[in-house]
Amino acid sequence: MSGTVEAKLQELGIELPNAPQPAGSYVQHYQSGNLLFVAGQIPFWNGELKFQGKVGQEFSIEEGQEAAKTCALNIIAQIKDAVGDLDKVARIVRLNGFVNCPTDFADHPKVINGASDLMGEIFGEKGKHTRIALGAGSLPLNVAVEIDAVIEIEA
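Residues numbered from 1 in each chain as written. Predicted model: local features only at pLDDT ≥ 70, side-chain atom pairs only at ≥ 80, totals over all residues. Heavy atoms only, no water.

1. A short note on the overall build of the protein chain
Let me state the cut-off plainly: In this description a helix means any DSSP run of H or I spanning at least four residues, a strand means any run of E spanning at least two, and both kinds are numbered starting from the N terminus. Every residue pair with non-hydrogen atoms within 4.5 Å of one another is taken to be in contact. Here the Shrake-Rupley method, with its probe set to 1.4 Å, supplies the accessible areas, and only the displayed protein chains count as covering residues. Charge convention: Lys and Arg are scored as positive, Asp and Glu as negative, and His as well as the terminal groups of each chain are ignored. For the purpose of locating charges, the reference atoms are NZ of Lys, CZ of Arg, CG of Asp and CD of Glu.
A count of helices and strands for the protein chain gives three helices and seven strands. Taken from the N to the C terminus, the helices and strands of the protein chain come in the order α-β-β-β-β-α-β-α-β-β. Oriented by its inertia axes, the alpha-carbon framework of the protein chain measures out at about 45 × 35 × 25 Å. The long-range share in the protein chain, meaning contacts at least 24 apart out of those at least 6 apart in sequence, stands at 81%. For the protein chain, the accessible area works out to roughly 7,600 Å², and carbon and sulfur atoms hold 49% of it. Distance between charge centres in the protein chain, computed from 12 positive and 20 negative side chains, equals 4 Å.

2. Section: the packing of helix α2 (residues 61–83) against helix α3 (residues 108–123)
Selection rule: Lines fitted to C-alpha atoms define the axes here, with helix axes fitted over just the stretch in contact, and angles between the N-to-C directions of these axes take values from 0 to 180 degrees. Orientation categories follow fixed angle ranges, with anything under 35 degrees roughly parallel, anything over 145 roughly antiparallel, 65 to 115 roughly perpendicular, and all other angles oblique. A crossing counts as left-handed when the near helix is turned anticlockwise from the far one by less than a right angle, and as right-handed when that turn is clockwise. Side-chain classes follow a simple rule in which Ala, Val, Leu, Ile, Met, Phe, Trp, Tyr, Cys and Pro form the nonpolar group, Asp, Glu, Lys and Arg form the charged group, and the remainder, Gly included, forms the polar group.
In the contact formed by α2 and α3, the axes pass within 7 Å of each other and the chain directions differ by 45°. Of the possible angle classes, the one that applies to α2 and α3 is oblique. Once α2 is placed against α3, the crossing between them reads as right-handed. Where α2 abuts α3, its residues I61, G64, Q65, A68, K69, A72, L73, I75 and I76 lie against K110, V111, I112, G114, A115, L118, M119, I122 and F123. For the contact of α2 with α3, a count of residues per class yields 13 nonpolar, three polar and two charged.

3. Here we look at the environment of N34
By the element assignment, N34 lies in the loop between β1 (29–32) and β2 (35–41). Once the C-alpha coordinates of N34 and I151 are considered, the two residues, 117 residues apart in sequence, prove to be 8.2 Å apart. With residues up to four places along the chain from it excluded, the contact list for N34 reads I151, E152, I153 and A155.

Below you can see the structure in the form of structure tokens.
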């Protein structure tokens, strides 16, 4: 039987991607005590790289939000890979969002809201988190957005 979070995903018509494997010399997630650290997730969808380019240049803010949502879904897939049951999430503690953009772009928070809003929609009160939203002159593989996360897992 599906848990509460899995039921919410189904209700929202959201399918999780496969948890992406590391593209370098790191692990995709690591748990220390009750904290799960999820490595930076880029907009991969089941092995297909999406959203390559700069927000504010090749992509609109709305398209950047879609890239951020894809990153958030990859974070959730990593949580599921790490702990098996999404109902074990006690809190999404922090998201760190990076937006590939021109130097005069100033709407980083609007872009990362794509991920933040989705976490709230899926996890409810447990999805409220602290955050940083920064601009970057470039990101790995020229992706539009990269987001990492810290999640508290129930004991």
